[in-house]
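# Understanding the architecture of this molecule
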Amino acid sequence: QVQLRESGGGVVQAGGSLRVSCAASGLTFSSYAMGWFRQAPGKEREFVAGINWSGGATNYADSVKGRFSISRDNAKKTVNLQMNSLKPEDTAVYYCAASRSWSLSRSDYAYWGQGTQVTVSS
């Protein structure tokens, strides 16, 4: 049974930093690209950042480029999202997801975590 479990969400002031993590089990982690998505109230879930199988390639939504950084540890089966210079518009539930293909598309991700809330106060 595949499980993705996010942790590290919370409340932070604008301009601050937060790191969210995702621990995976039940899958050959190094065979999956990993992504972070987010969903704000009343909005669709959107791509935030992705990382390929080896960690050698990453991509980011324009809205977070230069502020967020995604990384993975295949030995520990974890993927992290370091978020700096946070803005109130970054407030959302953040989800990690696993995909067999290197993709920005939500539909290509087969496995999802339950999400962790990130709230940025102004």
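Just above sits the structure.
Notes on the structure in this doc start here. This one's a predicted model, so the numbers in the text were calculated from it and none came from an experiment.

We now examine the overall build of the chain. Check the secondary structure of the chain and you find zero helices and eleven strands. Order of helices (α) and strands (β) in the chain, N terminus to C terminus: β-β-β-β-β-β-β-β-β-β-β. Taking 14 Å as the expected radius of gyration for a compact globule of 122 residues, we find that the chain reaches 13 Å, a close match to that expectation. C-alpha atoms of the chain, sized along the principal axes, occupy 40 × 25 × 25 Å. Within the span of the chain, comprising 122 residues, buried residues form 43% of the whole. If you take every contact in the chain between residues at least 6 apart in sequence, the share linking residues at least 24 apart comes to 58%. Of the accessible surface of the chain, which amounts to about 6,100 Å², a share of 45% is contributed by carbon and sulfur atoms. Of the side chains in the chain, 13 bear a positive and 8 a negative charge, and the two mean positions are spaced by 6 Å.

This brings us to the state of the cysteines. Scanning the entire structure with this criterion turns up one disulfide. Shown here is the disulfide that connects cysteine 22 with cysteine 96, its sulfur atoms set 2.0 Å apart. In this pair, cysteine 22 is assigned in strand S3 (residues 18–25) and cysteine 96 in strand S9 (residues 92–99), connecting sequence segments 74 residues apart. Judged by its relative accessible area of 1%, cysteine 22 falls in the buried class.

With respect to the secondary-structure elements, tryptophan 36 resides in strand S4 (residues 33–39). Taking the C-alpha atoms as reference, tryptophan 36 lies 19 Å from alanine 75; in sequence the two are 39 residues apart.

The next point concerns the pairing of strand S1 (residues 3–7). Across the two faces of S1 the burial differs, with Leu4 and Glu6 buried and Gln3, Arg5 and Ser7 not buried at all. Bridge analysis of S1 against S3 gives five bridges, and the strand direction is antiparallel. In the strand pairing of S3, glutamate 6 is matched with cysteine 22.

Moving on, we come to the sheet that holds strand S8 (residues 78–83). With respect to topology, four strands assemble into an open sheet ordered S1-S3-S8-S7, the strand pairing being antiparallel. The two strands at the open ends of the sheet, each matched to only one other strand, are S1 and strand S7 (68–73). Taken over all neighbouring pairs, the strand axes of this sheet differ in orientation by 15° on average, direction set aside. Of the pairings in the sheet, the one linking S7 to S8 comprises six bridges and is antiparallel in character.

Once that is clear, we can look at unusual backbone geometry. Positioned with a positive phi, lysine 77 is a non-glycine residue whose angle comes to about 60°. Judged by relative accessible area, which is 34%, lysine 77 ranks as partly exposed.

Let us look at the side chain of glutamate 6. One can find glutamate 6 in strand S1. We note that glutamate 6 is buried and unpaired, the nearest opposite charge coming from arginine 45 at a distance of 7.4 Å. A distance of 3.1 Å separates a polar side-chain atom of glutamate 6 from the backbone nitrogen of glutamine 114. Only 2.9 Å separates the side chain of glutamate 6 from the backbone nitrogen of glycine 115, close enough to count as a polar contact.

Quick notes on the rules
- Residues numbered from 1 in each chain as written.
- Predicted model: local features only at pLDDT ≥ 70, side-chain atom pairs only at ≥ 80, totals over all residues.
- Heavy atoms only, no water.
- Helix = DSSP H or I, 4+ residues; strand = E, 2+ residues; numbered from the N terminus.
- Rg over C-alpha atoms; globule rule 2.2 N^0.38 Å.
- Buried < 20%, exposed > 50% of the residue type's maximum accessible area, 1.4 Å probe, protein only.
- Contact = heavy atoms within 4.5 Å.
- Areas by Shrake-Rupley, 256 points an atom, 1.4 Å probe, with all protein chains shown as cover.
- Lys, Arg positive; Asp, Glu negative; His and termini not counted.
- Charge placed at Lys NZ, Arg CZ, Asp CG, Glu CD.
- Disulfide = S-S within 2.5 Å.
- Pairing = 2+ DSSP bridges.
- Axes fitted to C-alpha atoms, helices over the stretch in contact; angles between N-to-C directions.
- Salt bridge = Lys/Arg side-chain N within 4 Å of Asp/Glu carboxyl O.
- Polar contact = N/O pair within 3.5 Å; in protein donor to acceptor, adjacent residues only side chain to side chain.

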